[in-house]
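Here are the chains, one letter per residue:
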Amino acid sequence: KKEIARKSKKSVPPPILTADLKEYQKAVFHEGWVRKRGQFNTSFQNRYFVLEEGLLKYYKDMQTYLTTQDGYKGTLRTYKMKVEAMTAGGVRESKDGFHFTLVDYSSGKTIECACLNSQERDAWVAIIQSASEQVLEDKGVQSSPYATKSPRILMSTAVSK
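Read on for a plain summary of the structure. (Residues numbered from 1 in each chain as written. Predicted model: local features only at pLDDT ≥ 70, side-chain atom pairs only at ≥ 80, totals over all residues. Heavy atoms only, no water.)

**Side note on the pattern of salt bridges**
Think of it this way: side chains of opposite charge can pair up when their charged atoms draw near.
Inference 1: The full count for this structure, using the stated rule, is 6 salt bridges.
Inference 2: Its salt-bridge partner being Arg 35, residue Asp 96 comes within 3.8 Å of it at the nearest N-O pair. Placement of Asp 96 in the loop between β6 (93-94) and β7 (97-104) and of Arg 35 in strand β1 (residues 28-37) is noted, with a sequence separation of 61 residues between them.
Inference 3: With its nearest N and O atoms 3.3 Å apart, the salt bridge here joins Arg 37 to Glu 112. Of this pair, Arg 37 sits in strand β1 while Glu 112 sits in strand β8 (residues 109-115), and the two are 75 residues apart along the sequence.
Inference 4: Given a relative accessible area of 29%, Arg 37 falls into the partly exposed group.
Inference 5: Take Glu 112: its relative accessible area is 18%, and that puts it in the buried class.
Inference 6: Through salt bridges with shared partners, a single network forms among Arg 35, Lys 95 and Asp 96. (Salt bridge = Lys/Arg side-chain N within 4 Å of Asp/Glu carboxyl O. Helix = DSSP H or I, 4+ residues; strand = E, 2+ residues; numbered from the N terminus. Buried < 20%, exposed > 50% of the residue type's maximum accessible area, 1.4 Å probe, protein only.)

This is the structure we're talking about:
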């Protein structure tokens, strides 16, 4: 019997060329693994977070991020975003990791996240806060004196502490 090769209905994204990847990565301020509490399945799941200019996107895994720019599971605007180093209930640490909460006032979304250690959590909090303040500053809104520091500078400062 002849086997008939079936064509997949899913289109395979073209590979990202090295030049494209370098250009794409210029806009990325910070990226890495973060545990995110699901909206419907309330257990924490590992997600690959990428902070770009004005947006925080999360992907199922790093491979999805590297192979397609549109494969994200969710996105938040850093404009009008509040980030706190604890859950809404005030929990800072649990078996799920070191918590932080993202509140996107432009969309009304609240996302609970956790990192494996407090240094990672503190770095994400500082970088997201700085990115939020930078967007406000770019829009002409008065912000804190730390808003002039780029997220990359804050990242190196937070990691070295």
